[in-house]
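# Descriptive analysis of the structure
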Amino acid sequence: MRPRGATLSIIPLAVTALFLAGFLTAPPLRVPNAPTPNATLIVLGAAQYDGRPSPAFQRRLDHALTLYQQGHVQRVVVTGGRQPGDRYTEGRVGATYLNAHGVPGRALIAEERSRTTVQNLENARAVLPGGTPVTLVTDEAHAPRALALARALNMNANVSASPLSPHTSRQYVLREKLALLCYALLGIRL
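Here we summarise the structure given alongside this text. All values reported here derive from a predicted model rather than from experimental measurement.

Calculation notes
- Residues numbered from 1 in each chain as written.
- Predicted model: local features only at pLDDT ≥ 70, side-chain atom pairs only at ≥ 80, totals over all residues.
- Heavy atoms only, no water.
- Salt bridge = Lys/Arg side-chain N within 4 Å of Asp/Glu carboxyl O.
- Helix = DSSP H or I, 4+ residues; strand = E, 2+ residues; numbered from the N terminus.
- Buried < 20%, exposed > 50% of the residue type's maximum accessible area, 1.4 Å probe, protein only.
- Axes fitted to C-alpha atoms, helices over the stretch in contact; angles between N-to-C directions.
- Parallel < 35°, antiparallel > 145°, perpendicular 65-115°, else oblique.
- Left-handed = near helix turned anticlockwise from the far one by under 90°.
- Contact = heavy atoms within 4.5 Å.

### Concerning the pattern of salt bridges
The final tally for this structure, using the stated rule, is three salt bridges. Measuring nitrogen to oxygen at the nearest pair gives 2.8 Å for the salt bridge that ties aspartate 50 to arginine 87. Of this pair, aspartate 50 sits in the loop between β2 (48-49) and β3 (52-53) while arginine 87 is found in the loop between β4 (75-79) and α3 (90-100), placing the two residues 37 residues apart along the sequence. Judged by relative accessible area, which is 48%, aspartate 50 ranks as partly exposed. Under the relative-accessibility criterion, arginine 87 is labelled exposed at 57%. Between arginine 92 and glutamate 112 there is a salt bridge whose closest N-O contact spans 3.2 Å. Placement of the pair is arginine 92 in helix α3 and glutamate 112 in the loop between β5 (108-111) and α4 (117-126), with a sequence separation of 20 residues.

What follows is the structure, encoded as C-alpha cells:
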C-alpha cells in the first residue's frame, strides 16, 4: 500500500503535465496586431539564401511593405546579421528587397550585426532616437516572444505579425511556445 503523502505529491506533477500538454498542443499564441502601426517598423530577421529572402523572411518583408504603402510608416529598420559562410546579411537583403519594391532608401536602415531576437531589438534600438515608438514585424508564432523581449528592454513597442505559412514546422511553433513559457518563469511577460 502506497503512503498517502506519496499519492498527494503526484497530483501537482499530474496537473503540471496536463497543463504543459495542453499548452504545447494548442495553436500558437497570438498577440493582436496594432490597429495602426507606429511610424517606425522593426522587421525581425529570418534566413536569407545567397542574397534572397527565405520564404519566412519574405512574408515579413511583404507585410512591412504593405504597412509602409498604407502611409503610416516613415522608417523601416530591417535586422539580421550573417551566418558563418554567408556572403550577405539578413538586414541588407531585407533592405534591398524593400527598396526594390518601392520603399525609398532614405526610409530604410539595415542592421547587420545581430544573430538573435534580443540582438535584433538591441541593435535596432541603438540606431533610433531614444524612446522611438516601434512596431515589430515578425510572424504570428514569434510575435508574443518578440514583444515580451521588447518590453523587457523597455522599448515602446507593439506588433504587426505576418501570417504563418501552412507549411510552418511544428517544431518552430513548439520552440516559440517553450521559449515564451521560460520567459514567463523568469518574469518576462507580455
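### Let's talk about the packing of α4 against helix α5 (residues 143-152)
Where α4 meets α5, the axes come as close as 10 Å, and the angle between the chain directions of the two elements is 50°. As far as their axial angle goes, α5 and α4 are oblique. When the axes of α4 and α5 are compared, the crossing they make is right-handed. Of the residues in α5, those in contact with Thr117, Val118 and Leu121 of α4 are Arg145, Ala146, Leu149 and Ala150.

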